[in-house]
Every structure is written in structure tokens, then in C-alpha cells.
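Report on the structure
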Amino acid sequence: MILYLDVFVPPFGLLLLGALLRRHLLRDDTVWAGIERLVFWVLMPALLCSAIGAVDLATLPIGGMAIAIWLALLGGAGLSLALAWAAGIDHPARTSVFQGGVRFNNLMGFAVMAGLFGAAGTSLGAVATGLIVPFVQLMTTLVFALGGGRGFSPGRAARQLALNPLLLGCLAGFAVSLAGGLPPGIAPLGRALGQASVALGLLCVGAALSLGAMRDRLPLQLATCVIKLVLVPAMVLLLGRALGLEPLALSAALVFMALPTATTSYVMARAMGGDAPLMAALTTLEHLVAILTLPLWILLLGS
């Protein structure tokens, strides 16, 4: 029980605190928008670079992690598109269901992995993020483009990938790891920035959630939750065990694949013509359901 409290009270407590701060103290949207930009463009890339750069990639089962994560993501993508087709929804709503089925709140994943395994958990979480981010970003860009009014542009998709700060942070981290790690002074600076990203980021996530949005197409939301929080983690767990992943690598893959969708999904929906109200509803519901499902997955992994 003490371990459970130490692992899960901090991330979910920060979500609740963010919601309370947004409602009672920091009501100005520009405040939260500024913090979100700081986290997305500076703090999260610093966390990814410093955490990945601190590990010896040669000792990690990156190949097995990649196979398990990518196959589970493809499975989640296929199930999400099948659900959208069966529901008979339009293209903007399809993109929101797709994002709800494959994207993830990596800030919560870092908080949970750090609580479970300390610095080693943070480093493996960064490696998992490095495998997930480019794959998910590419799939999401394709889904928005195919079937939308603008058509698919390889150049535009390549620019979106090349300018993604999370992807750049992952690539920088892999390069730093191969070079032997960050130099003295810079390494603790990167860790400090990374620690700030988790707390500030989760506060922003909590501030962005809205209980009122959950009334929008609830059966569709619940079906998407089942895909994201039950079926996708089940796939990665089965694949990881079949591939013989060692426990820490399997834990990182499972935790990050069992996370609720990212709150930046709402921003992407607004910017690229998705169904923003449905995306807001999915984001809120998945975070609430994850309060139950994420601890259960970790208990199952421990057994």
C-alpha cells in the first residue's frame, strides 16, 4: 500500500492540483498556455535528452522493445480505425478516436516509472518514448491528411516530424548516449530541467481536463478507452513476454503503452481540423479511467 501511494498519488495528485489551480487561482488561459509551451519546447526535450543520454544503449534490448511497442501501436491504430468505421462518424471525429487510441501522456509515464524504479525507470521511460513518439507522430499525421480536405503532402509531414521537439530531444539523447553522456555540469542541469517538466506538465494536464466534456458521445468514448487502456497494453505485455524482454524493459513498455492519451491531442485536433469537443471528452475520460487501469496493469506485471 505504501508503494502504491508513493507511485500513484504524485501523478494523479498533480492532475487534481492543476484542475483546482485552473478553477480557483490561475484562471488566465495565457498563464497555462505559456507553461505548456515551456514544457513542450524546452523542459520535455531536456528530460528526454538527459535521460536517454545517461544509459548505455548497447546493454538495452531496444530491438525487442521496438517490436513489442510498434506492433501494439499498429494493433491499436487498426482497432481505432475499425471502431470509427463501425460507428459511422465523419473524418474529424475519426481523427479524434484515432488519437484517443494511440497517443499517450508521457509525463504521467515518467512520474510512474520514477516512482517504481528511480533513475533507471526514467531512463527506460525515455527510451520507450523515443520509440513511440516518431511512430505515433507519423501515423497521426497520415490519418489527419488522408480523408481530409487538404490532401496528403509528404513535405508537410516531413516538416512536422523534423520540427517536433520531443522527437528532436529523443534523437539528441541517442546521440549523447553514443558519445558517452553529457559533460559535467550539463548533466545535472538537464536532470533539473527534466524534473521540472514532469511536475509542471502534469499540472497543465490537470488544468486542461473538463468533466463537462464527458457527456459527448459517451459510448464511443468508452469503446476508445477500452482500446487504449485495455487492449493496447494487453498486446504489448503479451508481445514483450513472447520476445523475452527483461523485466525493466517490459515494465517501461507496458507503463507507457497503458497511459491515457496526451492533452496535446486536443491542440492538434483544433489546429488540423479534428473534432475538438470529442477529443476533449476522450482526454478527460481516459485520465479518469486510468486511475483504475494503470495500477491494475502494474499489479499484473508484478505477478
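Up top you'll find the structure we're talking about.
First, a word on scope: everything that follows refers to the structure included in this document. What you see is a predicted model; the values in this text were computed from it and never measured.

This paragraph deals with the packing of helix α4 (residues 91-102) against helix α10 (residues 218-242). The interhelical angle for the contact between α4 and α10, taken along N-to-C directions, is 30 degrees, at an axis separation of 8 Å. It follows from the interaxial angle that α4 and α10 lie roughly parallel. Both α4 and α10 take part in a crossing whose hand is right-handed. Where α4 abuts α10, its residues V97, G100, G101 and V102 lie against L220, T224, I227, K228 and V232.

Moving on, we get to the pattern of salt bridges. Between side chains of opposite charge, a pair can form as their charged atoms come close. Counting across every chain of the model gives two salt bridges. Where R217 meets D275, a salt bridge forms, and the shortest distance between an N and an O atom there is 2.9 Å. Residue R217 is found in the loop between α9 (186-208) and α10, and its partner D275 is found in the loop between α12 (264-271) and α13 (276-302); the two are separated by 58 residues along the sequence. Overall, R217 belongs to the partly exposed group, its relative accessible area being 34%. By relative accessible area, which is 12% here, D275 ends up buried.

With that out of the way, let us pick up the packing of aromatic side chains. All told, the structure shown has five aromatic pairs when counted by the stated rule. With centroids separated by 5.6 Å and ring planes inclined at 10 degrees, the aromatic side chains of W70 and F135 adopt a geometry described as stacked. Separated by 65 residues along the polypeptide, W70 in helix α3 (residues 62-87) and F135 in helix α6 (residues 119-145) bring together distant segments of the chain. On the accessibility criterion, W70 (33% relative accessible area) is partly exposed. Exposure remark for F135: the relative accessible area of 23% places this residue in the partly exposed category. Through pairs of rings, three or more aromatic residues link up here, namely F104, F110 and F256.

In this structure, the second largest pocket spans a volume of roughly 400 Å³. Lining the second largest pocket are 16 residues; nearest its centre among them are L15, A19, G206, L209 and L211. Secondary-structure elements contributing two or more residues to the lining of the second largest pocket are α1 (2-24), α9 and α13. By residue class, the composition of the lining of the second largest pocket is ten nonpolar, four polar and two charged.

On the secondary structure map, V226 appears in helix α10. V226 sits 33 residues away from L259 along the chain, and the two C-alpha atoms are 12 Å apart.

Nonpolar side chains collect at one region of the surface, where I67, L71, L74 and L243 lie side by side and expose about 340 Å² of accessible area between them. Residue L74 is classed as partly exposed on the basis of its relative accessible area, which comes to 46%.

Since the α-helix advances by 3.6 residues per turn, residues separated by three or four positions end up pointing in the same direction. With twelve residues, α4 ought to run about 16 Å at 1.5 Å a step, and its terminal C-alpha atoms sit 17 Å apart, in line with that. Buried residues dominate α4, accounting for ten of its twelve residues. Restricting attention to buried positions, one finds in α4 the residues H91, A93, T95, S96, V97, F98, Q99, G100, G101 and V102.

Let's shift gears to the environment of A253. Looking at the element boundaries, A253 is found in helix α11 (residues 247-257). Assessed through its relative accessible area of 0%, A253 is described here as buried. As for A253 and P233, which are separated by 20 residues in sequence, their C-alpha atoms are 8.6 Å apart. Not counting chain neighbours up to four residues away, the residues in contact with A253 comprise I69 and V236.

What follows is about the side chain of T224. You can see T224 is positioned in helix α10. For T224, a relative accessible area of 1% gives the class buried. If we skip the residues at most four places from it in the chain, T224 touches L83, V97, G100, G101, L282 and E286.

Right, let's get into the nonpolar core. Side chains that are nonpolar tend, in soluble globular proteins, to be buried together. In this structure, M65, I69 and F256 are the most contacted members of the largest nonpolar core, which totals 77 residues. At ten residues, the largest contribution of residues to this core is made by α6. Residues within four places of I69 in sequence aside, it is in contact with A128, L131, I132, V236, A253 and M257. Counting five residues, the second-largest nonpolar core is a separate cluster that includes L21, W32, L203 and A207.

So, how was this worked out
- Residues numbered from 1 in each chain as written.
- Predicted model: local features only at pLDDT ≥ 70, side-chain atom pairs only at ≥ 80, totals over all residues.
- Heavy atoms only, no water.
- Axes fitted to C-alpha atoms, helices over the stretch in contact; angles between N-to-C directions.
- Helix = DSSP H or I, 4+ residues; strand = E, 2+ residues; numbered from the N terminus.
- Parallel < 35°, antiparallel > 145°, perpendicular 65-115°, else oblique.
- Left-handed = near helix turned anticlockwise from the far one by under 90°.
- Contact = heavy atoms within 4.5 Å.
- Salt bridge = Lys/Arg side-chain N within 4 Å of Asp/Glu carboxyl O.
- Buried < 20%, exposed > 50% of the residue type's maximum accessible area, 1.4 Å probe, protein only.
- Phe/Tyr/Trp six-rings, centres within 6.5 Å; stacked < 30°, edge-to-face > 60°.
- 1 Å grid on protein atoms, 1.4 Å probe; cavity = no way out; pocket = protein on both sides within 12 Å on 5 of 7 lines; lining within 4 Å.
- Points joined across faces, edges and corners; volume = space filled by probe spheres on them.
- Nonpolar A, V, L, I, M, F, W, Y, C, P; charged D, E, K, R; others polar.
- Patch = residues over 30% accessible without salt bridge, like charges linked within 9 Å, V, L, I, M, F, W, Y side chains within 5 Å.
- Areas by Shrake-Rupley, 256 points an atom, 1.4 Å probe, with all protein chains shown as cover.
- Expected span 1.5 Å × (residues − 1).
- Core = buried A, V, L, I, M, F, W, Y, C linked by side-chain atoms within 4.5 Å.

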